[in-house]
Amino acid sequence: MSSCRIVNVRKHFGSLTVLKGVHLDVASGELVCLLGPSGGGKSTLLRCINGLTMPDAGYVTVGGEIIGRKVAKGRLHDLKDHVVSRQRRRIGMVFQSFNLFPHLTAIENLMLTPVTLKLGDTELLRARAEQLLDRVGLSDRPDFYPNELSGGQQQRIAIARALMMEPTLMLFDEPTSALDPHLTGEVLETMRDLAKGGMTMIVVTHELSFAREVADRVVLMSDGRIVEDARPDEFFTNPRSPQARQFLRREVTSA
Amino acid sequence: MTVSEGNRRVGRVDDGAAIPETVAVKKHPGWWVAAALVVACLVLVGLSLARNPRVSWGTVGHYLFDPYILEGLRRTAVLAILATVLAVIIGLVFGFVRLSRNPVLRAVGAAYVWVFRSVPTLIQVLFWGNMALFVPTISLTVPGSDSRLFSVPMNDVLTPWLASVAALAVANGAYFAEIVRAGVLSVNENYHLAASALGLNWVQRQRKIVIPISLRVMLPPGGNQFITILKETTLVSVIGGAEILNHAQTIYGNNFRVVELLMVAAIWFLAVTSIAYLLQSWLERRVGRGQTAVRTAPRWRDWRAALGRGVTDPPEEGS
C-alpha cells in the first residue's frame, strides 16, 4: 500500500480561496477520515491527491511520486495527460454520485478500464471482476445496468470498479451522502472490509460513527485549513481546537 | 370522499352500495375520429392522383425498375453513404476542435461551421463543380523557384463524382460538428471525472465513455442529417454528378414524360428514406439500453390499446 504526503497545497477558484496551505501525511495502510463543514475544501483536497484538480502551489506525493507534476529548473511543471492518467490507475476514487457508466452493465463497468488499457487477458479480468462483485455482495447482478440497481448497490459496484485497478490508495468523496440510511450501512460495511485488508484510505464523510469506529486518524478541515488532526477517541472526547468543538456541537444537535 | 365538480358531486356513492374494484378499459373515441379523417383525406388525394388523365401510371410503373433508374439509385445510395461517412469524420474532428481549450483551434472550428452552414449547399455544389475555373491546375512548386514537382489539371482530379462527394461531405460536416458538440456537452461532467480517476487518458475517455454515452443524444439529429444528405444528393445533378434524379432527367429529356419520371424518383426516395428511418429507430433502441428508453414512432401496442385488445401496462414492481 502507498503512503501519501500533502505539502502546503493551495488552491483557488477565481476569487475564492478553497485551500490555504494544507499539510497532511498519511502512512501506508492508514485510514484517515476528513471531516468538516461543507465548503471547507475537503473534496477539493481529495481531488488534488489524484490530480483531478491541480494545486496552484504545493504538491502531493503518492508512494513517493509527485502527482501530475515534475520538477525542472527549480519549478513544478505539468505532466502530459497520458502520464497523469497512468499515475491515477493505482489511486482508486469513489464519488458521492457513484458515477457508474450508464451505458454499461455492472460487470462491463468493472472491466472497461483494464480491458481498454490491456492490463490482462479478458477472461482472467472477467474472473477477477466476478470475484470483486462477489466481495461487495453483488455476484447476482453482473448484467444489470446502473439504472436497474439501488444507490447502495451502485456505490458498491463503484468500489469494486476502483478495486479492479488494484489500487494502493483509495479516496472516498462522501460515499454515503446520496444514500438512504438503510443503504448507507451496506456501503460502510464494504469499506470496513477494505480497511481490514490494510488498504490506505482517505475518506471524506459525514458519518461520525464510522470515523469514530474505523478511522486511525480524524482530520477536521475548516475554511481551507486543517484545524485538528487527532486519534478518533481524542477527537470525539477531547477536541482541542474551538472549530472542532463547534463542529461536534453542531453535528450532535443536528443528528 | 367526494369531489365537487360544478354543483354536482362526482364519485359519490350511496352508503352500503358495493363499489367494484375492476377498473374499466379506457376507450379512445377521438383516435377513431382522427383515423377516419386521415383515411378520408388519403382516399381523396389518391383518387385525384389516380384519375388525373395527364399522369400515365403505366409509364411510372414501367420506369420504376428500369435498369438505368436502378443504376441511378445505386449511385445515389453510394454517394449518400460515402458523403455521410466523410461528414461524420469531419464532424467528429471539428466538434472536438470547437470544444478545444486552445482558442485558436476553437476559432478555426467556429469559422468552418459558420461558413459552411451559411452558404446554401447548392452554391457549394456549384463551386466544387466549377473548381477548375478558379484553380485550373494543382501543382507543387519548390518555394522561391519556378521548378514544378508535379502539376495536374484540376478537372482530371476533381471529377464531377469526386466534386459531388466533397461538396456534400464538407457542407454536412459542419452540421455533424454541431451534433457532436451538442452530444459531447450533454455528457455529465461526473462521467469524465470517473473515467479520469480510473486512469483512462483523453482519447480513451472520449472513445469509451463520452461518445458511447452521447450517441443516444446524437443519433436522432444524426439520422436526420443522413436523410438530408440522401435528398441533397439530387443537388449534384447541376454539376453533372450521376445519381437518380440526373438519370430520370436524362430519360424525360428524350421522352418528355417529366411528371412520371419525377414520380419514379420521388417513389424511390420515399422507399430509401423509409428504410433509413427504420434503421434509425432500431439503432436508437439499441443505443438506449441502460439509459432512458427513447420513445420513437407510435408503436403497435398503442393501436392494439386503441382497439381495446386488453394490452395493460405491466404491474408495478413490488405491488
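Keep in mind the model is a prediction, meaning the values are calculated, not measured.

Peer 1: Sorry, what's going on with the environment of L278(B) here?
Peer 2: Residues and elements named next belong to chain B. Mapped onto the fold, L278 is located in helix 12 (residues 258–287). Exposure remark for L278: the relative accessible area of 57% places this residue in the exposed category. Note: C-alpha distance between L278 and V203 (75 residues apart in sequence) is 32 Å.

Peer 1: Whenever I open this one, the packing of aromatic side chains confuses me. Can you help?
Peer 2: Applying the stated criterion across every chain yields a total of six aromatic pairs over all chains. Relative to W268(B), the ring of F65(B) lies with its centre 5.7 Å away and its plane at 90°, an arrangement referred to as edge-to-face. One end of the pair, F65(B), is in the loop between helix 2 (57–64) and helix 3 (67–98); the other, W268(B), is in helix 12, with 203 residues separating them in the sequence. Here F65(B) falls in the exposed class, since its relative accessible area comes to 56%. Between Y112(B) and F116(B), the ring centres sit 5.1 Å apart and the planes meet at 45°, which makes this aromatic pair tilted. Residue Y112(B) and its partner F116(B) are located together in helix 4 (residues 103–118), separated by four residues, close to a single helical turn. Under the relative-accessibility criterion, Y112(B) is labelled buried at 10%. Through a chain of ring-to-ring contacts, three or more aromatic side chains come together here, namely F94(B), Y112(B) and F116(B). The residue whose ring lies beneath R161(A) is F101(A), and the NZ or CZ to ring-centre distance is 4.5 Å.

Peer 1: So what exactly am I meant to see when it comes to the domain arrangement of chain B here?
Peer 2: Frequently, the measure chosen for interface size is the accessible area removed from exposure when the parts meet. Under the domain assignment used here, chain B contains domain 1 (1–51) and domain 2 (59–306). The C-alpha centroid of domain 2 of chain B is placed 45 Å from the C-alpha centroid of domain 1 of chain B.

Peer 1: Please clarify how the sheet that holds strand 8 (residues 91–94) of chain A should be interpreted in this entry.
Peer 2: Sheet strands pair via backbone hydrogen bonds, and the direction of the pair is either parallel or antiparallel. Residues and elements named next belong to chain A. Spatially, six strands are ordered 8-9-10-3-11-12 in an open sheet, and the strand pairing comes out mixed. Each of the sheet's edge strands pairs with one partner strand only, and the pair in question is strand 8 and strand 12 (225–230). With strand direction ignored, the average angle separating the axes of adjacent strands in the sheet is 15°. In this sheet, strand 10 (residues 200–204) lies alongside strand 9 (residues 169–173) in parallel orientation, the contact comprising five bridges.

Peer 1: Explain the state of the cysteines here, please?
Peer 2: As used in these notes, a disulfide is a covalent bond between sulfur atoms, one from each of two cysteines. Evaluated as defined, the whole model comprises zero disulfides over all chains. Unpaired in terms of disulfides, C33(A) finds its nearest cysteine sulfur in C4(A), a separation of 15 Å.

Peer 1: Hey, could you run me through unusual backbone geometry in this one?
Peer 2: Peptide bonds are trans in most cases, and residues, glycine excluded, mostly fall at negative phi. All names here are of chain A. For N8, which is not glycine, the phi dihedral falls at a positive 45°. Positionally, N8 belongs in strand 1 (residues 4–13). With a phi angle near 60°, N99 is a residue other than glycine that sits in the positive phi range. Looking at the element boundaries, N99 is found in the loop between strand 8 and helix 3 (106–116).

Peer 1: Sorry, what's going on with the packing of helix 3 of chain B against helix 10 (residues 202–232) of chain B here?
Peer 2: Packed helix pairs are characterised by how far apart their axes lie and by the angle those axes make with each other. Residues and elements named next belong to chain B. For the pair helix 3 and helix 10, interaxial distance at closest approach is 11 Å and the crossing angle is 140°. Taken together, the axes of helix 3 and helix 10 are oblique relative to one another. Crossing of helix 3 over helix 10 shows right-handed handedness. Across from T76, A80, I81, A83, T84, A87, L92 and F96 in helix 3, the residues of helix 10 making contact are W202, Q206, I211, F226, I229 and L230.

Peer 1: Would you mind showing me how to read the interface of chain B and chain A here?
Peer 2: Counting residues at the interface gives 21 residues for chain B, matched by 26 residues for chain A. Summed over both partners, the interface of chain B with chain A buries about 2,100 Å², with 65% contributed by carbon and sulfur atoms. At the surface where chain B touches chain A, the tally comes to one salt bridge. The closest approach of N and O atoms between D81(A) and R205(B), which form a salt bridge, is 3.7 Å. Summed over the shared surface of chain B and chain A, the number is five residue pairs in polar contact (both at pLDDT 80 or more). Within the residue set of the side of chain B that touches chain A, elements represented by two or more residues are helix 9 (189–198) and helix 10 of chain B. For the side of chain B that touches chain A, the element with the most residues is helix 9 of chain B, which contributes eight residues. Looking at the side of chain B that touches chain A residue by residue, the class counts come to eleven nonpolar, seven polar and three charged.

Peer 1: Looking at this structure, I do not really get the pattern of salt bridges. What am I missing?
Peer 2: All names here are of chain A. Inspection of the entire model under this criterion finds 22 salt bridges over all chains. When the shortest N-O distance is used, the salt bridge between E30 and R217 registers 3.1 Å. With a gap of 187 residues between them, E30 in the loop between strand 2 (16–26) and strand 3 (31–35) and R217 in strand 11 (residues 217–222) connect regions that are remote in the sequence. In this structure, the salt-bridge partner of R69 is D78, at a minimum N-O distance of 2.6 Å.

Rules of the game
- Residues numbered from 1 in each chain as written.
- Chains lettered and ligands numbered in written order.
- Predicted model: local features only at pLDDT ≥ 70, side-chain atom pairs only at ≥ 80, totals over all residues.
- Heavy atoms only, no water.
- Helix = DSSP H or I, 4+ residues; strand = E, 2+ residues; numbered from the N terminus.
- Buried < 20%, exposed > 50% of the residue type's maximum accessible area, 1.4 Å probe, protein only.
- Phe/Tyr/Trp six-rings, centres within 6.5 Å; stacked < 30°, edge-to-face > 60°.
- Lys NZ or Arg CZ within 6 Å of the ring centre and 35° of its normal.
- Domains from an automatic or database assignment.
- Pairing = 2+ DSSP bridges.
- Axes fitted to C-alpha atoms, helices over the stretch in contact; angles between N-to-C directions.
- Disulfide = S-S within 2.5 Å.
- Parallel < 35°, antiparallel > 145°, perpendicular 65-115°, else oblique.
- Left-handed = near helix turned anticlockwise from the far one by under 90°.
- Contact = heavy atoms within 4.5 Å.
- Buried area = accessible area lost by both parts, 1.4 Å probe.
- Salt bridge = Lys/Arg side-chain N within 4 Å of Asp/Glu carboxyl O.
- Polar contact = N/O pair within 3.5 Å; in protein donor to acceptor, adjacent residues only side chain to side chain.
- Nonpolar A, V, L, I, M, F, W, Y, C, P; charged D, E, K, R; others polar.

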